Amino acid sequence: MNIHQDDHIIPLKQGPPIFVVSGGTGATGELLARTVLAQFPNVNVPLHIETHVLGAEQVHRVVARAAGIPGAIILHTMVNKDCRHLLAVEASRAGVVTFDLASPLLEHLSRELGVPPLGQPGLYRQLHKSYFDRIEAIEFTVAHDDGKRVEDLPKAEIVLIGVSRVGKTPLSMYLSMLGWKTANVPFVPEVPMPDELKRCDMRRVVGLIIEPAQLMVHRKVRAERTGIPEGSYIDRDEVRDEIRSAQHFFAKYGITVVDTTNKPIETSAEEIASLVARRMTSR
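Reading the values: the criteria
Residues numbered from 1 in each chain as written. Predicted model: local features only at pLDDT ≥ 70, side-chain atom pairs only at ≥ 80, totals over all residues. Heavy atoms only, no water. Pairing = 2+ DSSP bridges. Helix = DSSP H or I, 4+ residues; strand = E, 2+ residues; numbered from the N terminus. Axes fitted to C-alpha atoms, helices over the stretch in contact; angles between N-to-C directions. Contact = heavy atoms within 4.5 Å. Phe/Tyr/Trp six-rings, centres within 6.5 Å; stacked < 30°, edge-to-face > 60°. Buried < 20%, exposed > 50% of the residue type's maximum accessible area, 1.4 Å probe, protein only. Core = buried A, V, L, I, M, F, W, Y, C linked by side-chain atoms within 4.5 Å. Salt bridge = Lys/Arg side-chain N within 4 Å of Asp/Glu carboxyl O. Parallel < 35°, antiparallel > 145°, perpendicular 65-115°, else oblique. Left-handed = near helix turned anticlockwise from the far one by under 90°.

Here we come to the sheet that holds strand 12 (residues 256-259). Strand order across the open sheet formed by four strands is 10-9-11-12, with parallel pairing between neighbours. The open sheet has two edge strands with one neighbour each: strand 10 (182-186) and strand 12. The mean angle between the axes of side-by-side strands here comes to 30°, regardless of whether they run parallel or antiparallel. With five bridges joining them, strand 9 (residues 158-162) and strand 10 adopt parallel strand pairing. Of the residues in strand 10, the one forming a bridge with Val159 is Ala183. The strands touched by helix 9 (residues 236-252) are strand 9, strand 11 (205-209) and strand 12; relative to strand 11, the strand with the most contacts, the crossing angle is about 155°.

Right, here's the structure in full:
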């Protein structure tokens, strides 16, 4: 890979890898590593993220991997004192350079406050679980919008199906902000649904419908904004047939339907979330 700058091709310099080691998810160390590497745009440095390193065996494995690559370094955020000490000793013996991001601050605060640190990996994430769950849901939803990555459909907590402009994407995003990992799949008559839908828990699948007149308005606005030909896309009879086809599909496969006509996004989203929650907790 090369960088283009001022019409000149600058070859990327290959650097040794950085092993980001953590007793938790490694997010902190990875962010710092990527922040620093952004200052070296013409250098390619591979990152190896080693998460949940909680014991001697895992420490040995990580150090051995780094020691097997000339110039590799270890960047770690280990808060467990024993693992941190073992990592430092093992890396020193193997000749691997390490950067300890946690212990200087841990030791300083411990001295200043007169309180020993808990040394519990992943504690921040545990204390802020709802926040990280919401971020994860948003990332999942963005990656699975409009039929993308259908292989992951069974992993979704909610799957929305509906015709174009019924409101799948805004509803998906709103649901993700409520903490639901949501995927949506477009319904197009005569186009088969992905096979992965059959592997979904159908209690989590919701079909969306809307009155034809309102759908035509949404589609006309989109056509004017994007410049796509209107044609059958906003034709009254075609729109009615499309909605009927979707309703027939939902009825055939026992998919629960939510009507989004004249409803604010938050109202429809809360209806969907309540529906799925009830179905998942009922026997």
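Let's pick the thread back up.
Another aspect to go through is the packing of aromatic side chains. For the structure on display, the rule yields three aromatic pairs. Considering the side-chain rings of Phe249 and Phe250, the 6.1 Å spacing of their centres and the 70° angle between planes classify their relative orientation as edge-to-face. For Phe249, a relative accessible area of 13% puts it in the buried group. On the basis of relative accessibility, which here comes to 0%, the residue Phe250 falls in the buried class. Among the aromatic residues, those joined into a cluster by ring pairs are Phe187, Phe249, Phe250 and Tyr253.

The strand order across the open sheet built from four strands is 6-4-7-8, with neighbouring strands paired in parallel fashion. Of all strands in the sheet, those bounded by a partner on one side alone are strand 6 (47-50) and strand 8 (97-100). Neighbour to neighbour, the strand axes of the sheet diverge by 20° on average, direction disregarded. Where strand 4 (residues 18-21) and strand 6 come together, four bridges link them in parallel fashion.

Below, the discussion takes up the nonpolar core. Of all hydrophobic cores here, the largest spans 37 residues; its most connected members are Val159, Ile161 and Ile272. Mapped by element, the contributors of at least two residues to this core are strand 9, helix 7 (168-177), strand 10, strand 11, helix 8 (212-226), helix 9 and helix 10 (265-281). Once you skip the residues sitting within four places of it in the chain, Val159 turns out to touch Leu153, Ala183, Val185, Leu197, Cys200, Arg204, Val205 and Val206. Formed by 14 residues, the second largest nonpolar core is a distinct cluster that contains Val21, Met78, Leu87 and Ala91.

For the rest of this paragraph, the subject is the pattern of salt bridges. This structure, assessed with the given rule, holds 13 salt bridges. With a closest N to O distance of 4.0 Å, Arg84 and Asp100 form a salt bridge. You can see Arg84 sitting in helix 3 (residues 81-94) and its partner Asp100 sitting in strand 8, a full 16 residues away along the chain. Overall, the relative accessible area of 12% leaves Arg84 in the buried class. Note that Arg244 and Asp241 form a salt bridge whose closest N and O atoms lie 2.4 Å from each other. Here Arg244 pairs with Asp241, and both are found in helix 9, just three residues apart, close to one helical turn. When its relative accessible area of 47% is taken as the criterion, Arg244 is described as partly exposed. Look at Asp241 and you get partly exposed, because its relative accessible area is 37%.

The next point concerns the packing of helix 2 (residues 56-67) against helix 3. At their nearest, the axes of helix 2 and helix 3 sit 10 Å apart, and the two run at 30° to each other. With respect to helix 3, the element helix 2 is oriented roughly parallel. For the pair helix 2 and helix 3, the crossing hand works out as right-handed. Residue-level inspection shows Ala56, Val59, His60, Val63 and Ala67 of helix 2 in contact with helix 3, the latter providing Cys83, Leu86, Leu87, Glu90, Ala91 and Ala94.

This part takes up the environment of Ile228. Relative to the helices and strands, Ile228 resides in the loop between helix 8 and helix 9. Using a relative accessible area of 32% as the deciding quantity, one classes Ile228 as partly exposed. Along the sequence, Ile228 and Pro17 sit 211 residues apart, while their C-alpha atoms lie 47 Å from each other. Those residues in contact with Ile228 that sit more than four places away from it in its chain are Ala223 and Tyr233.

We now examine unusual backbone geometry. In this structure, Arg165 takes a positive phi of about 75° despite not being glycine. Within the secondary structure, Arg165 is located in the loop between strand 9 and helix 7. Even without a glycine there, the phi angle at Asn262 is positive, about 55°.

In short, the description is geometric, and any link to function would need to be established separately.
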